[in-house]
Amino acid sequence: MIKPENENKELGYLVGALIVALVPHIPSLPIWIDIWCFILWGYLFASLWKKWKQPSRWVRISLTCIGIAGVLSSSGQQISSATYQSLLAIMTTLKPMEIRSHRDKMVTIFFAYFIIIASLFQSESLLISLYMFFSVFVTTAVLIQVNHPGNRLQSNLRLSGKILVQAFPLMVILFLLFPRIEGSLWGITPGSSASSGFSDILSPGNVSRLILNNQIAFRVRFSKTIPRPEFLYWRGIVFSEFDGRNWKTGTQPPPLKNPVQGKNAIDYQIRLEPHQNRWLFALDLPVSGQKNEIILADHTLRSWHKIRKTAQYPVTSYLEYNTGQIHPWEKITLALPGTGNPKARELAEKWRSESKNPEEIIRRALDYFSSEPFSYTLKPPLLKQHVMDDFLFQSRRGYCEHYASAFAFLMRAADIPSRVVAGYLGGERNPYGDFMVIRQYHAHAWTEVWLASRGWVRVDPTSLIAPDRIELGPAGGLPVEDLPDNLLERDFSELNSAYNRLYFFWEALNNQWDIWFSGYSYLEQKSFFERLGFNLQSSWKRATALLSLLMLLLTGFFLLLVRKLRKVTTSPDIVQEAYEKFCIKLQRIGISRDPAQGPVDFVKQIRTLKPGIAMQVDEIMKLYIKLRYANETASEIRKQFQDRVRRFDPKSRE
Amino acid sequence: MVSNDPILPIALNPKKTYILPTRFGYLFILLLLIMLIGSVNYNNNLGFLLTFLLSSMCIVSLYYTNSNIKGIRFVSVRAEPVFAGDSAMFEFTVKVPGSNRVSIFVHFSDQLDLNPETLYATENNRIRRSKITVRRGIFRPGAITVSTVYPFGIFRAWSTVSLNLKCDVYPKPIFSSFDFQPGYSEQNGNATSSRSGAEDFQGLAEYQPGDSLQHISWKKLSAGQGLLTKKFDDSIGNSIVINWFSLPTQDTETKLSILCGMILKAHRMNLEYGLRLPGTTINPGSGNQHRHRCLQHLSLFQNESIDHDQT
């Protein structure tokens, strides 16, 4: 009974639902899969339109084999989430070719829902969330279509939208009440994106390559005002070991014991994108950590677990501080390899012998950087064996990591404890909210030296070479011919341009979404219910309480639903109802009305069969005819009619 | 006649309307569980949101599924008698309150139905369903189940309504060689039958359209007495009696089948016929009513209490 053209249309809708569900995956798929998909989808639509026969079983099997082999060979050794995405994409092109029965169609729809949820594990952005609702809307409309063949898609879309909107309140309740747990059930396989950002070795070129990367490193929301740009040093990793060429983090320092003295405390919240490492970023100098974090003795914040999914954490930092005494383990910050870079050592030794105190040495070193013809560039020449000598006396061209490591080397050579700190500098200030976005290209490296009077002090030699770097961001200070395209495009100096305003507005929305939605987790749920007055300390107790509350609400909801459904429909047609009652009463004494029989005919029949009740019947019928056919609307007549029917008792007259 | 007839119209009882997941429903619940576990493991809020959105939509769809069959009323039922072995066809008139109902399955409770109906709110919807009969007698096909899986196909709501359906089933006819010889009826000792026929003049009557021109009394017409028809007593002459006792076979059912065939043949030949069964005699007559009466006697023969559920 389903016409073939309807069947074809339905297959087309199914393919459409699969495509809609797959769209968010497309950017992360290999190009050949995209091409594969477009060709096969094109073929599918053409075959439905032109009514070609579907490919035979052997063609389908060989296509499947080719697809899977292609995915496995292109993903190489590693099976990442991109591999699964590719397999999903291949299946969307092949599954529609074998749809025959209603069962196949249902399974295909469920598969589409599965593709939708797979896309959510790639990103939780506002755009993806909005798109999710769109996908569910479309897929559900096709689900309705499959269960009601022959209906117009338009009315199915309407019903799908209606159900979606009606499901909304329940969804919100479930979302808020469903107990969240800390950590995960059995661990998490790393996401597709390999860690972008820092590694635990800092060598020349490590930071400068990040300038090409637009990805968000983290977002910050300040509880009060955003500090001035010269304070926006986001500390992440401290490199204490130098091997003559590279800086390394070395062994992990112990946790910080003595609290830091400081002032100008500032509170803020960071939402860190996953980077597959344990370090957390915080404004110089973090002093408080959460349950899952520790502050190490090198004043970096560290998470207990690798950051494999977006992490949200509040931090308090002192903008002005004194870290106090040096620790014995920090001797390493004076260590240098036995040999190498003789000219640099000589220069440092000269400064040391000529200076009264470490402060003077530092000043001399900084003077050296600002007076000699150093330049700030993304394209430094390759450094030879003695990297420091080469850089300080020959090339004199480099990015922040060159300056930071050269400065730290000089300080150590002059017997001043020093180390390289990597993190980010600055960030995008969003005019629509008190938050900043820090992207990979904000990456920066600077130096810390230890002074007896002040503890560890931040020294940023880059600021002498490129003073605009602090105020204007990564593009500031770089020669124009050096600027990569991604920074040229992001010229935010003109805040008034419509594009920029839109961009920042969208960013602000995303940030709000992240804070209110994506950030809702174990801790937020806990504090949410604490604010509501439920203070349950044990997480098991809370989970049980939440689940019981959820069950209670759902049961109540079901009871309401059942009550509403069990209620016998009161037809709005009171007259018709009364008339049916009247007919039923007559039926009990053996007079039944043919459905096609009109009232006048019926009265005649009754008169011949049961003359005893003819009078009563006549009266009722007259009222009925008046109400039904003469468009009588007076409620007294209607009441009278109902009344007569109610009192009508043909049995007693027999 | 039968006192336990349900009173039509009868609506589906909302208190006896049930709803359970279909096999796709169970599959979907499994999918939702997997989604939930994944979301818990990855602490993925968007995953939670989708899982709960789909679950909520399922719960909302329960309401749609249930209301899709709610309030469906059977206004009338009709069934023509059939011969044993044929399909009994029941025609239902169904009305729905409120809005149109789509993808409604109406079927005998012990059968499956693959053709969904759309029931329109403004009309008398006519639905025909048939079921094979086996034996003569009164055929009761049992209750009617109304079900739907609309809109998502993951929940099935159904309600069973007992309409006390029944249908007369005549014996399966056997057409034996049989011709109506004059005097055939005399053999069976029916004394009143004689082959006098057209010869016995009975009198004159007002002319009725359709009377044979040969029987018009032209004499009276010419005498100015109007158009009159000569009446002859031919009612016995053309009538036959179909007789149980004249059949050679001993088997009751075969006998009834042969009698049934005879009745059908006689009816088709426009003969007047009577029926004689042990204990019953039906006077000769003709017409559909008469045919039904005779065949009904055959179907209920020694069998008045046969109210069997045939499958």
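Quick caveat, the model's predicted, so the values are computed rather than measured.

**Considering the packing of aromatic side chains**
Residues and elements named next belong to chain A.
Argument step 1. Scanning the entire structure with this criterion turns up 44 aromatic pairs over all chains.
Argument step 2. When the centroid spacing of 4.9 Å and the interplanar angle of 75 degrees are considered together, the rings of Tyr233 and Trp446 count as edge-to-face. Of this pair, Tyr233 sits in strand β3 (residues 233–239) while Trp446 sits in strand β18 (residues 443–451), and the two are 213 residues apart along the sequence. Taken as a pair, Tyr233 and Trp446 share a single burial class, namely buried.
Argument step 3. Every member of this aromatic cluster is reached through a ring pair, and the members are Trp351, Tyr368, Phe369, Phe374, Phe391, Phe393, Tyr403 and Phe407.
Argument step 4. Geometry around Phe175 places Arg180 over its ring, the cationic atom sitting 4.6 Å from the centre.

**Observations regarding the interface of chain B and chain A**
Argument step 1. Each partner contributes to the interface: chain B provides 56 residues, whereas chain A provides 66 residues.
Argument step 2. Between chain B and chain A lies a buried interface of about 5,600 Å² when both sides are counted; carbon and sulfur atoms form 73% of it.
Argument step 3. A per-residue breakdown of the area chain B buries against chain A is headed by Asn41, Asn45 and Leu46 of chain B, which together make up 12% of the total.
Argument step 4. Taken together, the links from chain B to chain A amount to zero salt bridges.
Argument step 5. For the pair chain B and chain A, the number of links is seven residue pairs in polar contact (both at pLDDT 80 or more).
Argument step 6. Within the residue set of the side of chain B that touches chain A, elements represented by two or more residues are α1 (23–42), α2 (45–69), β3 (73–79) and β6 (101–108) of chain B.
Argument step 7. No other element matches α2 of chain B, which puts 19 residues into the side of chain B that touches chain A.
Argument step 8. Along the lines of polarity and charge, the residues of the side of chain B that touches chain A split into 35 nonpolar, 17 polar and four charged.

**What about the nonpolar core?**
Argument step 1. With 86 residues, the main nonpolar core has Tyr113, Met132 and Val136 of chain A as its most contacted residues.
Argument step 2. At 13 residues, the largest contribution of residues to this core is made by α2 of chain B.
Argument step 3. With near-sequence residues (within four places) excluded, Val136 of chain A lies in contact with Tyr113, Ile116, Ser160 and Leu164 of chain A together with Leu50, Leu53, Leu54 and Met57 of chain B.
Argument step 4. Ile270, Tyr399, Ala404 and Ala413 of chain A belong to the second-largest nonpolar core, a separate cluster that totals 79 residues.

**Side note on the confidence of the model for chain A**
Residues and elements named next belong to chain A.
Argument step 1. Chain-level pLDDT for chain A is 82 on average; 91% of the residues reach the 70-or-more range.
Argument step 2. Confidence, expressed as mean pLDDT per element, reaches its minimum in chain A at helix α14 (residues 485–489) with 65 and its maximum at helix α6 (residues 126–147) with 93.
Argument step 3. Here residues 190–194 scores under 50 on pLDDT; set against residues more than four positions off or in separate chains, the count is seven contacts.

**Details of the sheet that holds strand β1 (residues 201–202) of chain A**
Argument step 1. Reading across the sheet, the three strands line up as β1-β5-β4 (chain A) and stay open at both edges, with antiparallel pairing between neighbours. Since the sheet does not close on itself, it has two edges, and those belong to β1 and β4 (241–242) of chain A, each with one partner.

**A few points about the sheet that holds strand β7 (residues 279–280) of chain A**
Residues and elements named next belong to chain A.
Argument step 1. Ordered by their spatial adjacency, three strands build an open sheet running β7-β11-β10, and the pairing between neighbours is antiparallel. Looking at strand neighbours, the two that pair on one side only are β7 and β10 (293–295), the edges of this open sheet.
Argument step 2. Relative to strand β11 (residues 301–303), β10 runs antiparallel, the two being bridged by three bridges. If you follow Glu293 over to β11, its bridge partner there is Ser303.

**With respect to α2 of chain B**
What sets the pattern is the α-helix's 3.6 residues per turn: residues three or four places apart point alike.
Residues and elements named next belong to chain B.
Argument step 1. Taking 1.5 Å per residue, 25 residues should reach 36 Å; α2 reaches 37 Å between its end C-alpha atoms and fits that length.
Argument step 2. For α2, the tally of buried residues reaches 24 of 25 residues, placing the bulk of the element in the interior.
Argument step 3. The backbone nitrogen of Leu46 has a side-chain oxygen 3.0 Å away, supplied by the residue at the start of α2, namely Asn44.

**Description of the side chain of Ser39 of chain B**
Residues and elements named next belong to chain B.
Argument step 1. With respect to the element layout, Ser39 can be found in helix α1.
Argument step 2. A relative accessible area of 0% means that Ser39 is categorised as buried.
Argument step 3. A polar atom in the side chain of Ser39 sits 3.4 Å from the backbone oxygen of Gly47.

**Quick word on helix α2 (residues 31–50) of chain A**
All names here are of chain A.
Argument step 1. Taking 1.5 Å of rise per residue, the 20 residues of α2 would be expected to cover 28 Å, and the 28 Å separating its terminal C-alpha atoms lies within 8% of that figure.
Argument step 2. Every buried residue of α2 is accounted for by Ile33, Asp34, Trp36, Cys37, Leu40, Trp41, Leu44, Ser47 and Leu48. One side of α2 holds all its buried residues, which, seen down the axis, span an arc of 165 degrees. With respect to the buried face of α2, the exposed residues turned more than 90 degrees away are Ile31, Phe38, Ile39, Trp49 and Lys50.
Argument step 3. At the C-terminal side of α2, Lys51 shows a positive phi close to 60 degrees.

Quick notes on the rules
Residues numbered from 1 in each chain as written. Chains lettered and ligands numbered in written order. Predicted model: local features only at pLDDT ≥ 70, side-chain atom pairs only at ≥ 80, totals over all residues. Heavy atoms only, no water. Phe/Tyr/Trp six-rings, centres within 6.5 Å; stacked < 30°, edge-to-face > 60°. Helix = DSSP H or I, 4+ residues; strand = E, 2+ residues; numbered from the N terminus. Buried < 20%, exposed > 50% of the residue type's maximum accessible area, 1.4 Å probe, protein only. Lys NZ or Arg CZ within 6 Å of the ring centre and 35° of its normal. Contact = heavy atoms within 4.5 Å. Buried area = accessible area lost by both parts, 1.4 Å probe. Salt bridge = Lys/Arg side-chain N within 4 Å of Asp/Glu carboxyl O. Polar contact = N/O pair within 3.5 Å; in protein donor to acceptor, adjacent residues only side chain to side chain. Nonpolar A, V, L, I, M, F, W, Y, C, P; charged D, E, K, R; others polar. Core = buried A, V, L, I, M, F, W, Y, C linked by side-chain atoms within 4.5 Å. pLDDT = per-residue confidence, 0-100. Pairing = 2+ DSSP bridges. Expected span 1.5 Å × (residues − 1). Arc of directions from axis to C-beta.

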